[in-house]
Amino acid sequence: MTYRERLRVPVTWWVAGLFFAVSFVTAVGFYAGPEIALLAGIVTTAGVAAALLWYGRVLIVVDESGVRVGDALLEWPYVGEVAAHDRAATQRRWGPEADHAAWLGLRGYVPGSVEVTVVDAADPHPYWLVSSRRPAELAAAIEAARPISPGPGGASGGARLPQ
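Just so you know, these numbers come straight off a predicted model, no measurement behind them.

(A) A look at the side chain of E5. Among the secondary structure elements, E5 is positioned in strand β1 (residues 3-6). One buried charged residue, E5, forms no salt bridge at all, with the nearest opposite charge on R134 at 4.7 Å. One polar contact links E5 to Y3, side chain to side chain, over a distance of 2.4 Å. Not counting residues within four places of it along the chain, the set of residues in contact with E5 comprises V58, L59, I60, S132, R133 and R134.

(B) The sheet that holds strand β2 (residues 59-63), seen in detail. Across the sheet, which stays open at both edges, the 4 strands sit in the order β1-β2-β3-β4 with antiparallel pairing between neighbours. Each edge of the open sheet carries a strand with a single partner, namely β1 and β4 (72-75). Strand-to-strand twist of the sheet, defined as the mean angle between neighbouring strand axes without regard to direction, takes the value 10°. Examined bridge by bridge, β2 and strand β3 (residues 66-69) share 4 bridges and lie antiparallel to one another.

(C) Layout of helix α3 (residues 87-94). Regarding α3, the residues found buried are A89, T90 and R93. Along the axis of α3, the buried residues cluster in a sector spanning 100°; they form a single face. In this fold, the buried residues of α3 make contact with β5 (79-85), β7 (112-118) and β8 (127-132). For α3, the side-chain oxygen to backbone nitrogen distance between the N-cap and A88 is 3.3 Å, and the N-cap itself is D86.

(D) Seen up close, the environment of A101. Within the element layout of this structure, A101 appears in the loop between α3 and β6 (103-105). A C-alpha to C-alpha distance of 49 Å links A101 and Y31, two positions 70 residues apart in sequence.

(E) Expanded view of the sheet that holds β5. Overall, mixed pairing links the 4 strands, which are arranged β5-β7-β8-β6 in an open sheet. Each edge of the sheet is formed by a strand with only one pairing partner; in this case those strands are β5 and β6. Each strand axis lies, on average, 15° off the axis of its neighbour in the sheet, ignoring direction. Relative to β5, α3 is tilted by about 125°, and along the sheet it contacts β5, β6, β7 and β8. Across the sheet, helix α4 (residues 135-145) is in contact with β5, β7 and β8; its angle to β5 comes to roughly 160°.

The rules behind the values
- Every residue gets a number counted from 1 within its own chain, in the order that chain's sequence is written.
- Under the rules for a predicted model, residues below a pLDDT of 70 receive no local features and side-chain atom pairs below 80 are neither given nor counted, while totals for whole chains, interfaces and linings still include all residues.
- Computation of side-chain values: all heavy atoms of the structure, hydrogens and water removed.
- Numbering of helices and strands runs from the N terminus, with a helix taken as a DSSP run of H or I at least four residues long and a strand as a DSSP run of E at least two residues long.
- Relative accessible area decides the class of each residue, using a 1.4 Å probe on protein chains only: under 20% of the type maximum gives buried, over 50% gives exposed, and in between gives partly exposed.
- Counted as positive: Lys and Arg. Counted as negative: Asp and Glu, with His and the chain ends omitted from the count.
- A side-chain nitrogen of Lys or Arg and a carboxyl oxygen of Asp or Glu constitute a salt bridge if their distance falls within 4 Å.
- Any pair of nitrogen or oxygen atoms within 3.5 Å is treated as a polar contact; in protein, a donor-acceptor pairing is required on top of that, and neighbouring residues in sequence qualify only through side-chain atoms on both sides.
- What makes two residues a contact is simply this: any of their non-hydrogen atoms within 4.5 Å.
- The pairing criterion is simple: DSSP has to find at least two bridges between the two strands.
- Comment: axis = line fitted to C-alpha atoms, over the contacting stretch for helices; angle = value between 0 and 180 degrees taken between N-to-C directions.
- Directions from the helix axis toward the C-beta atoms define the arc.

This is the structure in structure tokens:
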């Protein structure tokens, strides 16, 4: 494995979830009594924690099989140009400059991203836009791990020469 990053939700989301659970339990406690409030607190806290863990489960991996984001895999023969984006560039590529057919692996709480051009003519996605807290490092890892160099209009099929 060349690169690994998990896009966990930030601590502020956990704090907001805690405040939601406390306010819900308080309201239930005033209405239904302390026993029901305790049960509601357990259920609400578990639900909020499960939702935050689920949303922050996205794992980005660069390895011998290609670029994997969650369950999606872009295999090496189809990896084209790679570009790291800061917050402003990510917002442009996610908003006004976005292609509606692009594959998005984005999390709004992560400011940077990496754009990977897809060089498979049969793939409906022209590029992947993937959130990353370390976009320059992810882009460099993709370039370093790439077994072949992209050619015009697709993969060249040749071996990548050492530098």
